[in-house]
Amino acid sequence: MIRKHLLMMPALCKVNNLSDRVCLTASMFFKRFYLSCSIMEEDPKIMLPTAVFLACKVEEEDGGGKSNGMAWKIADSIEDGTINRKVLLDNEMRLLLGLKCDLVVHHPSKHVFNFVRMIGKKLRERKVAGFQPKQEKNLFDSCSRLITNLYATDAPLLYEPPELAIAVLRICARETQHSKEINNVVDEYIKQRVGNTNTKDIEAFADKILEFCKEQDEEENVKMIKRIRRLLKRCRNSLSQPSPEERERQKLLEDEEDETKERAQKRQKRMNEESMLLGGGDI
């Protein structure tokens, strides 16, 4: 169930024009939250956009400080209309408590970026034919896609970002025509920092990381997800998550509140205009 929702994370971030860093941070928040909380009490369908909302604040992509505006934007991007701004704001604190307010997240993408720049510089210094800035960009893009896929697995919770970065570079270098040269640069870097290292161990670790990304039977997963959802509806605590009827009632209350505020603003504006006219007549 958690993996199914994590696979939806990139699409939700893309439709809201959010960066890859927000997607990775939201994925990590979502995974860490369910290390201490149960899907029997906390609905992943609600906590997924809540994690994106909180990640926008942490990565400073909250619409110029207008966090409520970002809440509206994320809620509107949920197609079935079951999520609104109030749901996100109410569950934000639940997410923070589940994370124990630890919002610092380190991603392997930063290490990959530095590695790729170093590789490009070294290979150009050695005048390796055919390795141009375009190949450097393609290598980084390939690594970024693999990291996004890894964040739907347990790998980011089991290994440190630099370890994942090296494994991802090894895996993506296999798809290029300069795999030998790239691996040599990475091996030299590791030997300078760590000392003697076995290339076979690094390759074995890369294969181990690649195992995390093996595709599962999606048709079987869909059947399982539907069955899990039916079971969750029976056992989930109704006090912790509002029912669809309660969410609809909350939405109506929000609309009435907005209309009341709008009428009050118009009335205040009209009173100010009348006051100015009266003041001008006295003069």
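Our subject in this report is the structure included herewith. (Residues numbered from 1 in each chain as written. Predicted model: local features only at pLDDT ≥ 70, side-chain atom pairs only at ≥ 80, totals over all residues. Heavy atoms only, no water.)

**Remarks on the packing of helix α7 (residues 108–125) against helix α11 (residues 179–194)**
- The N-to-C vectors of α7 and α11 enclose an angle of 110°; their axes lie 10 Å apart at closest approach. As judged from the angle between their axes, α7 and α11 are roughly perpendicular. Our pair here, α7 against α11, has a crossing hand that is right-handed. In this structure, α7 contributes F115, M118, I119, K122 and L123 to the contact, and α11 contributes E181, I182, V185, V186 and Y189. (Axes fitted to C-alpha atoms, helices over the stretch in contact; angles between N-to-C directions. Helix = DSSP H or I, 4+ residues; strand = E, 2+ residues; numbered from the N terminus. Parallel < 35°, antiparallel > 145°, perpendicular 65-115°, else oblique. Left-handed = near helix turned anticlockwise from the far one by under 90°. Contact = heavy atoms within 4.5 Å.)

**With respect to the packing of α7 against helix α10 (residues 161–173)**
- In the contact formed by α7 and α10, the axes pass within 8 Å of each other and the chain directions differ by 50°. Our classification of the angle between α7 and α10 gives oblique. For α7 against α10, the interelement crossing comes out right-handed. Packed against α7, whose contacting residues are P108, H111, V112, F115, V116 and I119, the element α10 presents P161, P162, L164, A165, I166 and L169 at the interface.
- Grouping the constituent residues of the contact of α7 with α10 by class yields eleven nonpolar, one polar and no charged. (Nonpolar A, V, L, I, M, F, W, Y, C, P; charged D, E, K, R; others polar.)

**Observations regarding the packing of aromatic side chains**
- Evaluation of the coordinates by the stated rule reveals five aromatic pairs.
- Three or more aromatic residues joined by ring pairs form one cluster here, namely F30, F33 and Y34. (Phe/Tyr/Trp six-rings, centres within 6.5 Å; stacked < 30°, edge-to-face > 60°.)

**Let's talk about the nonpolar core**
- Among the nonpolar cores identified, the biggest contains 67 residues, and M9, F30, V52, I119 and L169 are the most heavily contacted of them.
- Discounting residues that sit within four places of it in the chain, I119 has contacts with F131, L169, I182, V185 and V186. (Core = buried A, V, L, I, M, F, W, Y, C linked by side-chain atoms within 4.5 Å. Buried < 20%, exposed > 50% of the residue type's maximum accessible area, 1.4 Å probe, protein only.)

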